[in-house]
Amino acid sequence: MSLLLLDIDGTLREPLSEQQYVQHPQDQRIIAGVEIAVRAYKDDWIMVGITNQGGVAAGHKSMQECVQEQQYTLELLPELREIYFCPDFKGTKCFRVTRHNVHNHSQTKWSGQYRKPRSGMLQLAMVRHKHTPSNSLYVGDRPEDEQAAQRAGVSFQWAGDWIEQHQDAITGNTTRDC
(Lines give C-alpha, C1' and ligand atoms only; values in the text may rest on other atoms or scores of the structure.)
Protein backbone atom coordinates (compact mmCIF):
# COMPACT_ATOMS: atom_id res chain seq x y z
CA MET A 1 0.00 0.00 0.00
CA SER A 2 1.19 3.51 -0.86
CA LEU A 3 0.14 7.01 0.14
CA LEU A 4 -1.52 9.37 -2.32
CA LEU A 5 -1.46 12.97 -1.08
CA LEU A 6 -3.88 15.20 -2.97
CA ASP A 7 -4.16 18.97 -3.01
CA ILE A 8 -7.82 19.96 -2.70
CA ASP A 9 -8.67 23.32 -4.33
CA GLY A 10 -7.98 23.30 -8.05
CA THR A 11 -6.90 19.65 -7.99
CA LEU A 12 -9.97 17.79 -6.67
CA ARG A 13 -12.68 20.40 -6.31
CA GLU A 14 -13.82 23.77 -7.64
CA PRO A 15 -16.50 26.25 -6.53
CA LEU A 16 -19.98 25.67 -7.93
CA SER A 17 -20.46 29.45 -7.77
CA GLU A 18 -17.54 29.88 -10.19
CA GLN A 19 -15.99 32.31 -7.69
CA GLN A 20 -12.26 32.09 -7.01
CA TYR A 21 -12.81 30.25 -3.72
CA VAL A 22 -15.52 28.09 -2.18
CA GLN A 23 -18.08 30.50 -0.66
CA HIS A 24 -19.81 28.07 1.74
CA PRO A 25 -19.40 24.34 2.50
CA GLN A 26 -21.74 23.10 -0.27
CA ASP A 27 -20.36 25.51 -2.90
CA GLN A 28 -18.16 22.83 -4.43
CA ARG A 29 -18.09 20.16 -7.07
CA ILE A 30 -15.54 17.55 -8.01
CA ILE A 31 -13.49 18.57 -11.05
CA ALA A 32 -14.30 16.60 -14.19
CA GLY A 33 -12.17 13.47 -14.48
CA VAL A 34 -11.11 13.36 -10.82
CA GLU A 35 -13.44 10.49 -9.89
CA ILE A 36 -11.94 8.30 -12.63
CA ALA A 37 -8.40 9.18 -11.53
CA VAL A 38 -9.19 8.48 -7.86
CA ARG A 39 -10.73 5.10 -8.73
CA ALA A 40 -7.41 4.04 -10.28
CA TYR A 41 -5.83 4.24 -6.79
CA LYS A 42 -8.59 3.05 -4.48
CA ASP A 43 -7.43 -0.54 -3.94
CA ASP A 44 -3.71 -0.06 -3.38
CA TRP A 45 -3.38 3.45 -1.97
CA ILE A 46 -4.37 5.39 1.13
CA MET A 47 -5.67 8.76 -0.12
CA VAL A 48 -5.60 11.96 1.93
CA GLY A 49 -6.16 15.62 1.12
CA ILE A 50 -3.66 18.40 1.86
CA THR A 51 -4.82 22.03 1.68
CA ASN A 52 -3.94 25.54 2.73
CA GLN A 53 -7.08 27.30 3.93
CA GLY A 54 -5.90 30.88 4.33
CA GLY A 55 -9.51 32.04 3.96
CA VAL A 56 -9.89 31.35 7.68
CA ALA A 57 -7.01 33.68 8.63
CA ALA A 58 -8.22 36.27 6.11
CA GLY A 59 -11.69 36.26 7.70
CA HIS A 60 -13.53 34.90 4.65
CA LYS A 61 -14.75 31.82 6.54
CA SER A 62 -14.89 30.55 10.09
CA MET A 63 -13.06 27.48 11.36
CA GLN A 64 -16.42 25.73 11.64
CA GLU A 65 -17.27 26.53 8.00
CA CYS A 66 -13.83 25.33 6.93
CA VAL A 67 -14.27 22.03 8.76
CA GLN A 68 -17.75 21.59 7.24
CA GLU A 69 -16.30 22.35 3.80
CA GLN A 70 -13.67 19.60 4.20
CA GLN A 71 -16.25 17.14 5.53
CA TYR A 72 -18.47 17.83 2.52
CA THR A 73 -15.49 17.14 0.24
CA LEU A 74 -15.08 13.79 2.04
CA GLU A 75 -18.75 13.04 1.26
CA LEU A 76 -18.25 13.92 -2.40
CA LEU A 77 -15.08 11.80 -2.63
CA PRO A 78 -15.55 8.89 -0.21
CA GLU A 79 -12.21 7.35 -1.27
CA LEU A 80 -10.42 10.10 0.65
CA ARG A 81 -9.67 8.98 4.19
CA GLU A 82 -9.09 12.45 5.67
CA ILE A 83 -8.04 16.01 4.88
CA TYR A 84 -5.24 17.99 6.52
CA PHE A 85 -5.60 21.76 6.41
CA CYS A 86 -3.60 24.77 7.54
CA PRO A 87 -5.83 27.76 8.37
CA ASP A 88 -3.15 30.35 9.16
CA PHE A 89 -0.57 32.23 7.11
CA LYS A 90 2.35 31.42 9.44
CA GLY A 91 1.87 27.65 9.10
CA THR A 92 1.63 27.07 12.84
CA LYS A 93 -1.76 25.31 12.84
CA CYS A 94 -2.87 22.04 11.27
CA PHE A 95 -6.15 20.20 11.60
CA ARG A 96 -7.03 16.73 10.35
CA VAL A 97 -10.65 16.34 9.33
CA THR A 98 -12.41 12.99 9.04
CA ARG A 99 -16.06 12.43 8.21
CA HIS A 100 -17.13 12.87 11.83
CA ASN A 101 -14.21 14.40 13.74
CA VAL A 102 -11.58 17.13 13.76
CA HIS A 103 -8.13 16.58 15.26
CA ASN A 104 -5.77 19.42 16.16
CA HIS A 105 -2.15 18.65 15.19
CA SER A 106 -0.84 22.17 15.79
CA GLN A 107 1.47 21.15 18.64
CA THR A 108 3.88 18.94 16.69
CA LYS A 109 7.46 19.42 15.58
CA TRP A 110 6.12 20.69 12.23
CA SER A 111 4.35 23.71 13.74
CA GLY A 112 5.48 26.66 11.66
CA GLN A 113 6.00 24.38 8.65
CA TYR A 114 2.40 23.45 7.80
CA ARG A 115 1.48 26.03 5.19
CA LYS A 116 2.56 25.04 1.68
CA PRO A 117 5.10 25.56 0.12
CA ARG A 118 6.51 24.15 3.35
CA SER A 119 6.09 20.41 3.83
CA GLY A 120 4.71 19.96 7.37
CA MET A 121 1.28 18.64 6.35
CA LEU A 122 2.82 16.11 3.97
CA GLN A 123 5.29 14.96 6.60
CA LEU A 124 2.58 14.64 9.25
CA ALA A 125 0.42 12.56 6.90
CA MET A 126 3.35 10.26 6.04
CA VAL A 127 4.19 9.70 9.72
CA ARG A 128 0.56 9.09 10.67
CA HIS A 129 0.15 6.50 7.91
CA LYS A 130 3.63 4.99 8.37
CA HIS A 131 4.80 5.85 4.86
CA THR A 132 8.03 7.25 3.51
CA PRO A 133 8.63 9.66 0.65
CA SER A 134 9.61 6.71 -1.56
CA ASN A 135 6.11 5.19 -1.41
CA SER A 136 4.16 8.46 -1.50
CA LEU A 137 2.95 10.71 -4.32
CA TYR A 138 1.64 14.26 -4.13
CA VAL A 139 -0.68 15.64 -6.81
CA GLY A 140 -1.27 19.39 -7.01
CA ASP A 141 -1.98 22.32 -9.30
CA ARG A 142 0.21 25.15 -7.99
CA PRO A 143 3.95 25.82 -7.70
CA GLU A 144 3.70 25.75 -3.88
CA ASP A 145 2.38 22.17 -4.12
CA GLU A 146 5.41 21.14 -6.16
CA GLN A 147 7.72 22.95 -3.72
CA ALA A 148 6.12 21.21 -0.71
CA ALA A 149 6.61 17.83 -2.40
CA GLN A 150 10.26 18.63 -3.15
CA ARG A 151 10.87 19.70 0.45
CA ALA A 152 9.29 16.46 1.72
CA GLY A 153 11.22 14.35 -0.81
CA VAL A 154 7.95 13.11 -2.32
CA SER A 155 7.31 12.52 -6.03
CA PHE A 156 5.03 15.17 -7.53
CA GLN A 157 2.57 15.12 -10.40
CA TRP A 158 0.66 18.06 -11.87
CA ALA A 159 -3.11 17.69 -11.42
CA GLY A 160 -3.94 18.18 -15.10
CA ASP A 161 -1.46 15.47 -16.13
CA TRP A 162 -2.73 13.12 -13.40
CA ILE A 163 -6.36 13.52 -14.47
CA GLU A 164 -5.54 13.17 -18.18
CA GLN A 165 -3.37 10.09 -17.63
CA HIS A 166 -6.25 8.25 -15.98
CA GLN A 167 -8.86 9.31 -18.54
CA ASP A 168 -6.69 7.80 -21.23
CA ALA A 169 -6.11 4.62 -19.21
CA ILE A 170 -9.86 4.07 -18.67
CA THR A 171 -11.06 4.96 -22.15
CA GLY A 172 -8.06 3.69 -24.06
CA ASN A 173 -8.24 6.88 -26.10
CA THR A 174 -5.25 8.90 -27.13
CA THR A 175 -7.34 11.73 -28.59
CA ARG A 176 -10.33 13.63 -27.31
CA ASP A 177 -13.16 15.56 -28.94
CA CYS A 178 -12.86 19.31 -28.54
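Residues numbered from 1 in each chain as written. Predicted model: local features only at pLDDT ≥ 70, side-chain atom pairs only at ≥ 80, totals over all residues. Heavy atoms only, no water.

**Q** Requested: an account of the confidence of the model for the protein chain, with residues and values cited.
**A** Residues of the protein chain with pLDDT of at least 70 account for 94%, and the chain-wide mean is 93. Counting interchain partners and residues more than four positions distant, the pLDDT-below-50 stretch residues 174-178 has two contacts. (pLDDT = per-residue confidence, 0-100. Contact = heavy atoms within 4.5 Å.)

**Q** Outline the pattern of salt bridges, supporting the account with residue identities and numerical values.
**A** In the structure shown here, the tally under the stated rule is nine salt bridges. The residue E69 makes a salt bridge to K61 at a minimum N-O spacing of 3.0 Å. Assigned by exposure class, E69 and K61 land together as buried. Because the salt bridges share partners, they merge into one network encompassing D9, R13, K61 and E69. (Salt bridge = Lys/Arg side-chain N within 4 Å of Asp/Glu carboxyl O. Buried < 20%, exposed > 50% of the residue type's maximum accessible area, 1.4 Å probe, protein only.)

**Q** Got a sec to walk through the environment of R128? Specific residues and values, please.
**A** Tracing the backbone through its elements, the reader meets R128 in helix α4 (residues 120-128). R128 sits in the partly exposed class, given a relative accessible area of 34%. Ignoring anything within four residues of it in the chain, the contact list for R128 reads E82, Y84, R96 and H105. (Helix = DSSP H or I, 4+ residues; strand = E, 2+ residues; numbered from the N terminus.)

**Q** So what's going on with the layout of surface pockets? Residues and values would help.
**A** Computed from the structure, the largest pocket encloses a volume of approximately 640 Å³. What lines the largest pocket is a set of 26 residues, and nearest its centre among them are D9, Y21, N52, Q53 and R142. Contributing elements (two or more residues each) for the lining of the largest pocket: β2 (13-14), β4 (45-52), α2 (54-57) and α5 (143-152). Classifying every residue of the lining of the largest pocket gives five nonpolar, nine polar and twelve charged. (1 Å grid on protein atoms, 1.4 Å probe; cavity = no way out; pocket = protein on both sides within 12 Å on 5 of 7 lines; lining within 4 Å. Points joined across faces, edges and corners; volume = space filled by probe spheres on them. Nonpolar A, V, L, I, M, F, W, Y, C, P; charged D, E, K, R; others polar.)

**Q** Can you break down unusual backbone geometry residue by residue, with the values?
**A** Here the phi dihedral of E18 falls at roughly 65°; this positive angle occurs in a residue that is not glycine. Structurally, E18 is set in the loop between β2 and β3 (29-30). With a relative accessible area of 66%, E18 lands in the exposed category.

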